[in-house]
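Coordinates in review
Single-letter residue listing:
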Amino acid sequence: MDALYGYRGFATVVDLTTGEYRRDPIPQDALRATVGGIGLGTWMLHRYGSPIVDHDGEILSDDNRKQLLDSALSPDNPLIFVTSPLVGTRLTTSSKFAVMTRSPLTGFIADGLSSSHLAVELKRACGDALVIAGRSEHPALLHIDTDGVPHIRNAGHLLGLSTLDTEATVKQELDDGGRRPVRVACIGPAGENLVRFASIANDGGRQAGRCGPGAVMGSKNLKAIAVRGNPDSDPPVAHPEDLRGYARDLSRRSLGAATAKYRELGTIANVSVFNRLGTLPTRNFQQSTFEDAEAVSGEALHQTKTTRSAHCANCTIGCEKIVTVGSKAQGTQKDGEVSARLEYESLFALGPLVGVGDPDAVIRAVRRCDELGLDTISAGGVIAWAMETAGRGLLPSLDLRDGADLAHAGLNFGDGAAVIQLLEDIGYRRGVLGNLLADGTRLAAERVGGGSGAWAMQVKGLEMPGYEPRSLKTLALGLATTPRGACHNRTSAYDADFSPEVDRLAVDGRRGKIAADSEDFAAALDSLIWCKFLRRAFGDFWEESAAVYRMVTGWDDFDAAELRRAAAQIADLKKRYNQRWGWRRSDDTLPDRALNEPLADGVAAGVGLTKEDLDRMIDDYYRARGWTTGGRVEPASIVL
Amino acid sequence: MNSLTAPRNLVVVTVELFGMARIHAGASSVTLTVDTRSPVPALVDALARECPSLVGNALHLAEDGAAAVADGYALNRNGLAFLSPDTDAVWPWQEGDSILLLSNQAGG
Ligand code: SF4
């Protein structure tokens, strides 16, 4: 075998049912064709997580589909952590890993990303990936230390702990005399209780949040993973001198204008802008502006709250803003004061989306989500749906009788205390309502009925992010077609909408190609893995990234065209995975509200999006991808 | 000067500031009186004169002294159309127009 640079060339596979482990080699052509991160992770999902019966092309009944959805919580569904060839280099923002599984919220691919020290230790201890299969008999801590041998330890004493307390406890228990800490990924009570949008937390509160990987981890009886690798096992890079020079230059560029927003105010700067542009989803997408937007805007929080910046390991940008309740004028943070890692999506979902304009209430809610291990976007989305449903008088059909439920009888938008209480009820599946909402908006609406599916703001079961699709038409297409469900991260289609390139309020025949290209761009970013906030710091992204890949891997004939082909193939692989799990054309759509109600307010008041217009854009997108008119990728077109 | 006293080819427009531009300026908006047929660079020049604290962050000065929108920022008219900052195209401006100065990075 040729010498391998940048990669380890194997995955560690642990079976929690039997306690056995092995190291599976990963073929070099698969590494090269899928790059790493989400690309390699998707290839591994096909390898380790295929259905026993391939449902591609089958017309499944709703019952069958429900069974497939629930089977995401069976021991057969693997949970896979995947690193990348850039992990372990000094390249800025490269300490990232993908978390891959099949989602119990959507039934389809769940491709998450998270960052920081854990990425480096995973690669050292486990190789290019850690595949976790089966289900432990007892609550488990999976501990892999410098020898690379997995140990399944009893974690009964960790049950019920928050994500932050779990991490702290595990680090203390596995302390090696203060030399090098273990790095921990864990779930909170929400994952233990199989909340379908539970997250996996690592490195002090970073989250692989979307699509419910924490519920899959909980279904395996796995409370935490602790990893400490051997630094000597870092794979060599092929051209270290070139890479050092490039890394220095990129770090310098990462401190320029292209990342200014993220360094200065962070993504919370979006609130005031989106409000002005009529793209800030408010009160369950009934409005696109929020009357209290200024109070929860990035500018106001910067000026009135104690805020400090933080960053993932190996990152020069530092987009994270840790914001404390109370006012800056009160002075430095006191013990016991609550702070939270605030970013736009959390702020939008637990603020405007649920009608809460008190910044302290939002900070407390975000913090509670992080402790419980809940995806903030889905948590805010399902609560917003419940608030609207309560307002329409449909919740009494649930027979809310016990103490926790009675408190929600008068559930209203804007009630920050009720949001916190509901988060608690969801995280522990308490009461009829908490238990219902823990299954996500789509299933909750199916159970409540009464037409409440029309305002269930989800795609493929995944709750919508904080971008109003009716006033961002290119993104609307991206949200409808992305395999993961309503996700703004696996497509950067909104970049076109926020530029002179298109009229964001109108539909035209170019959007299919723009959405496909933006998805390919995201696939390359997410596979190499670069942080998406670095994306404007590149000159020619494809040429530069291919050059970096050559420096790391030594595959000197790898060029920008091959990287583009890899990105397009990753999109094909994701789609094919969903097809095997029962995808059908009607899954690529948007919620009824987005297709039937014009916007009620803001600069885009009166603007809507029809199903016909969306379908035309979707057809253009399938054409741009080279898929069938029905939106299928033919298995024969995937070549590895 | 307000719109009542402005000669016929001049209009008053408001530049709304977002993100760090707002914090640097210490204000959320600035009013400018501009010719209806000013191209975007001329409007940006007027903004730099009216609000010099924006120079060095949201705006920068070229060697010839002309102001331009800094990399990382964008302009938008009335919350609807995004403008190419260096275009010579004339819009033309109307009385009461709002020009938004905001980050060109929409990621969140
Ligand atoms: S820019 Fe933010 S999310 Fe990206 S690596 Fe840096 S700190 Fe992490």
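Since we're looking at a predicted model, the values are computed, not measured.

**Quick look at the overall build of chain A**
Scanning chain A from terminus to terminus reveals 25 helices and 17 strands. For 640 residues, the compact-globule formula gives about 26 Å, and the C-alpha radius of gyration of chain A, at 23 Å, lands near that figure. Taken along the three principal axes of its C-alpha coordinates, chain A extends 65 × 55 × 55 Å. Looking at chain A as a whole, 60% of its 640 residues qualify as buried. Here the analysis covers contacts within chain A between residues at least 6 apart in sequence; of these, 72% occur between residues at least 24 apart.

**Focus: the interface of chain B and chain A**
Contact residues are listed per partner, giving 22 residues for chain B and 32 residues for chain A. Put simply, the parts of the chain that give the side of chain B that touches chain A at least two residues each are α1 (20-25), β6 (81-83) and β7 (98-103) of chain B. Counted by class, the side of chain B that touches chain A contains 10 nonpolar, 9 polar and 3 charged residues.

**Quick word on the environment of Arg392(A)**
Residues and elements named next belong to chain A. Relative to the helices and strands, arginine 392 is located in the loop between α14 (376-391) and α15 (403-406). Given 12 C-beta atoms within 10 Å, arginine 392 falls into the exposed group. Arginine 392 sits 58 residues away from glycine 450 along the chain, and the two C-alpha atoms are 9.7 Å apart.

**Digging into the confidence of the model for chain B**
Counting all residues, the mean pLDDT for chain B is 89, and 90% of those residues have values of 70 or more. For this predicted complex, the interface confidence score (ipTM) comes to 0.92, while the overall pTM stands at 0.96.

**Some words on the sheet that holds strand β10 (residues 200-202) of chain A**
Residues and elements named next belong to chain A. The sheet built from 6 strands is open, its strands ordered β8-β7-β12-β9-β10-β11 with mixed pairing. Either end of the sheet is taken by a strand with one partner, and the two such strands are β8 (150-154) and β11 (206-208). Taken pair by pair, the neighbouring strands of this sheet meet at an average axis angle of 20 degrees, ignoring direction. The sheet contact formed by strand β7 (residues 140-144) and β8 spans 5 bridges and is antiparallel. Within β8, the residue paired with leucine 142 across the bridge is isoleucine 152. With respect to the sheet, helix α4 (residues 117-126) is in contact with β7, β9 (183-186), β10 and β12 (222-227), its orientation differing from that of β12 by roughly 80 degrees.

**Some details on the site of the ligand**
The ligand sits among Thr93(A), Ser115(A), Tyr262(A), His311(A), Cys312(A), Cys315(A), Ile317(A), Gly318(A), Cys319(A), Glu320(A), Cys531(A) and Phe533(A). Taken together, the residues that form the shell around the ligand break down as 7 nonpolar, 4 polar and 1 charged.

**Things to note about the domain arrangement of chain A**
Residues and elements named next belong to chain A. Structurally, chain A comprises domain 1 (264-463) and domain 2 (469-637). Here domain 1 and domain 2 have C-alpha centroids that lie 26 Å from each other. Of the residues lining the interface, 22 residues belong to domain 1; the matching set on domain 2 comes to 23 residues. For the side of domain 1 that touches domain 2, the secondary-structure elements that each account for two or more residues are β16 (458-459) and β17 (462-463). Classifying every residue of the side of domain 1 that touches domain 2 by side-chain character gives 11 nonpolar, 9 polar and 2 charged.

**Considering the pairing of β9(A)**
All names here are of chain A. Side chains Arg183 and Ala185 project from β9 onto one buried face, and the interleaved Val184 and Cys186 project onto a second face that is buried too. By the bridge criterion, 4 bridges tie β9 to β12 in an arrangement that is antiparallel. Residue pairing for β12: cysteine 186 is matched across the bridge by alanine 224. For β9 and β10, the ladder comprises 2 bridges, and the chain directions are antiparallel. Residue pairing across strands places alanine 185 opposite asparagine 202, the latter belonging to β10.

**What about the nonpolar core?**
In terms of nonpolar packing, the biggest core is built from 236 residues, with Met44(A) and Leu101(B) touching the most fellow members. Here this core spans two domains, and each of domain 1 (264-463) and domain 2 (469-637) of chain A adds at least three residues to it.

Conventions used here
- Residues numbered from 1 in each chain as written.
- Chains lettered and ligands numbered in written order.
- Predicted model: local features only at pLDDT ≥ 70, side-chain atom pairs only at ≥ 80, totals over all residues.
- Helix = DSSP H or I, 4+ residues; strand = E, 2+ residues; numbered from the N terminus.
- Rg over C-alpha atoms; globule rule 2.2 N^0.38 Å.
- Buried ≥ 20, exposed ≤ 12 C-beta atoms within 10 Å, placed from the backbone.
- Contact = placed C-beta atoms within 7 Å.
- Nonpolar A, V, L, I, M, F, W, Y, C, P; charged D, E, K, R; others polar.
- pLDDT = per-residue confidence, 0-100.
- Pairing = 2+ DSSP bridges.
- Axes fitted to C-alpha atoms, helices over the stretch in contact; angles between N-to-C directions.
- Near = placed C-beta within 6 Å.
- Domains from an automatic or database assignment.
- Core = buried A, V, L, I, M, F, W, Y, C linked by C-beta atoms within 7 Å.

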